[in-house]
Amino acid sequence: MSTVIAVTNQKGGVGKTTTAINVAYYLAKSGHTTLLIDFDPQGNATSGLGVDKQSLSVTMADVVMGTHALSDAILATEHKNLSLAPSTPTLANTEVELAQAEHRFTRLKLAIERLAQEYEYIIIDSPPSLSLLTVNGLIAARYVLLPVQAEFYALEGLGQLLETMKLIRKNLNPTIDLIGVLPTMVDSRTSLSTQVLAEISKHFPAKVFKTNIPRNVRLAEAPSHGAPIGVYDRWSKGARAYKAVTKEVIERVG
């Protein structure tokens, strides 16, 4: 069975898609067959892996609406062991249609179950909201990876996300667990980052990753080149950090 990890934070701009892309890349680089599901209507994980969204014939919108199987949407990438299920803004339209549909909360879970034997890891890049799509991701996942930006409002709104996880665990997905909280965009030169890290550790004891993701220009540049940081600049601080985080993910999954 696949280990399914949803990368989730209802707050935008926290490095969620960057985390999904690079953890998926380093899992694949470590020899694990990995599928990255772009489940965000912005489709940034799709373009971040160099895929032209205009050229796609089947996307996650088709999978969610049940007109195609997940296997129909999957593309091989140029990176060994890494596949992608892409998205375009059309996915946002499906949420309205899904609202009254049968099995609306479990569409992604059912789609994944049909090919769960084919991948060791499945990474879901969730939308930056507590939407029906995000709930689908949480129900489909065994673990949640929570990127949190090292800034003043870092913990704002996380209570609602954790409450949603608690409800999902109680009613729909009893095995879901928080694999870890990943501080992102950390600037070790500032006292603010230090304070926020202390606050995150206080709220999530034993759940914070040992490695933080630093503010890094090369990391910010990589998506515009359609490449994971390990390809764009594998010696950068960002690349070394995501490689270490991925190693920790593998250890935590056990």
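Description of the structure in this document. Because the structure is predicted, anything quoted here is derived from the model rather than measured. (Residues numbered from 1 in each chain as written. Predicted model: local features only at pLDDT ≥ 70, side-chain atom pairs only at ≥ 80, totals over all residues. Heavy atoms only, no water.)

1. Overview of the overall build of the protein chain
On a plain count of helices and strands, the protein chain comes out with 12 helices and seven strands. Over its C-alpha atoms the protein chain spans a radius of gyration of 17 Å, differing by no more than 12% from the 18 Å that the globule rule assigns to 254 residues. By principal-axis analysis of the C-alpha atoms, the protein chain measures approximately 50 × 40 × 30 Å. Residues classed as buried in the protein chain amount to 55% of the 254 residues present. Nonlocal contacts in the protein chain, meaning residues at least 24 apart in sequence, comprise 78% of its contacts between residues at least 6 apart. (Helix = DSSP H or I, 4+ residues; strand = E, 2+ residues; numbered from the N terminus. Rg over C-alpha atoms; globule rule 2.2 N^0.38 Å. Buried < 20%, exposed > 50% of the residue type's maximum accessible area, 1.4 Å probe, protein only. Contact = heavy atoms within 4.5 Å.)

2. Structural notes on the pattern of salt bridges
In this structure the tally under the stated criterion is 11 salt bridges. For K166, the salt bridge is made with E163, and the minimal N-O distance between the two is 3.8 Å. Placement of the pair is K166 and E163 together in helix α8 (residues 158-171), with a separation of three residues, close to one helical turn. Here K166 falls in the partly exposed class, since its relative accessible area comes to 48%. Exposure remark for E163: the relative accessible area of 39% places this residue in the partly exposed category. The salt bridge partner of D187 is R189, with a shortest N-O separation of 2.9 Å. Accessibility expressed as a relative area gives 75% for R189, which makes it exposed. By sharing partners, the salt bridges in this structure join K16, D40 and D125 into a single network. (Salt bridge = Lys/Arg side-chain N within 4 Å of Asp/Glu carboxyl O.)

3. With respect to the nonpolar core
Counting 33 residues, the largest nonpolar core has I5, L36, I123, L145 and Y242 as the members making the most contacts within it. Among the secondary structure elements, those contributing two or more residues to this core are β1 (3-7), α1 (16-29), β4 (82-85), β5 (121-125), β6 (143-149), β7 (177-184) and α12 (237-253). Tallying contributions element by element places α1 first for this core, with eight residues. Filtering out sequence-adjacent residues up to four positions away, I123 remains in contact with I5, V7, A20, V23, A24, L27, T34, L35, L36 and I37. The next biggest cluster of nonpolar side chains, apart from the first, holds 28 residues, and it includes A6, Y119, I122 and A141. (Core = buried A, V, L, I, M, F, W, Y, C linked by side-chain atoms within 4.5 Å.)

4. Re the pairing of β7
Among the eight residues in β7, seven count as buried, and that is most of the element. Sheet topology places β6 next to β7; seven bridges connect them, and they run parallel. Residue pairing in the sheet places P147 in a bridge with L182 of β7. What joins β6 to β7 is α8, and the crossover it makes is right-handed. (Pairing = 2+ DSSP bridges. Right-handed = clockwise from strand over helix to strand, strands pointing away.)

5. Concerning the side chain of S87
One can find S87 in the loop between β4 and α5 (90-98). For S87, the side chain forms a polar contact with the main-chain oxygen of D38, separated by 2.3 Å. Not counting the four nearest positions on each side in its chain, S87 is found in contact with D38, F39, D40, G43, T46, K53, T59 and M60. (Polar contact = N/O pair within 3.5 Å; in protein donor to acceptor, adjacent residues only side chain to side chain.)

6. Focus on the layout of surface pockets
Put simply, the largest pocket is a space of about 570 Å³. Contributing elements (two or more residues each) for the lining of the largest pocket: α1, α2 (44-48) and α10 (217-221). The residue inventory of the lining of the largest pocket, partitioned by class, reads 15 nonpolar, 12 polar and four charged. (1 Å grid on protein atoms, 1.4 Å probe; cavity = no way out; pocket = protein on both sides within 12 Å on 5 of 7 lines; lining within 4 Å. Points joined across faces, edges and corners; volume = space filled by probe spheres on them. Nonpolar A, V, L, I, M, F, W, Y, C, P; charged D, E, K, R; others polar.)

7. Some details on a nonpolar patch on the surface
Together, F152, Y153 and L192 make up an exposed nonpolar region whose accessible area comes to about 340 Å². In this structure, L192 sits in helix α9 (residues 191-203). (Patch = residues over 30% accessible without salt bridge, like charges linked within 9 Å, V, L, I, M, F, W, Y side chains within 5 Å. Areas by Shrake-Rupley, 256 points an atom, 1.4 Å probe, with all protein chains shown as cover.)

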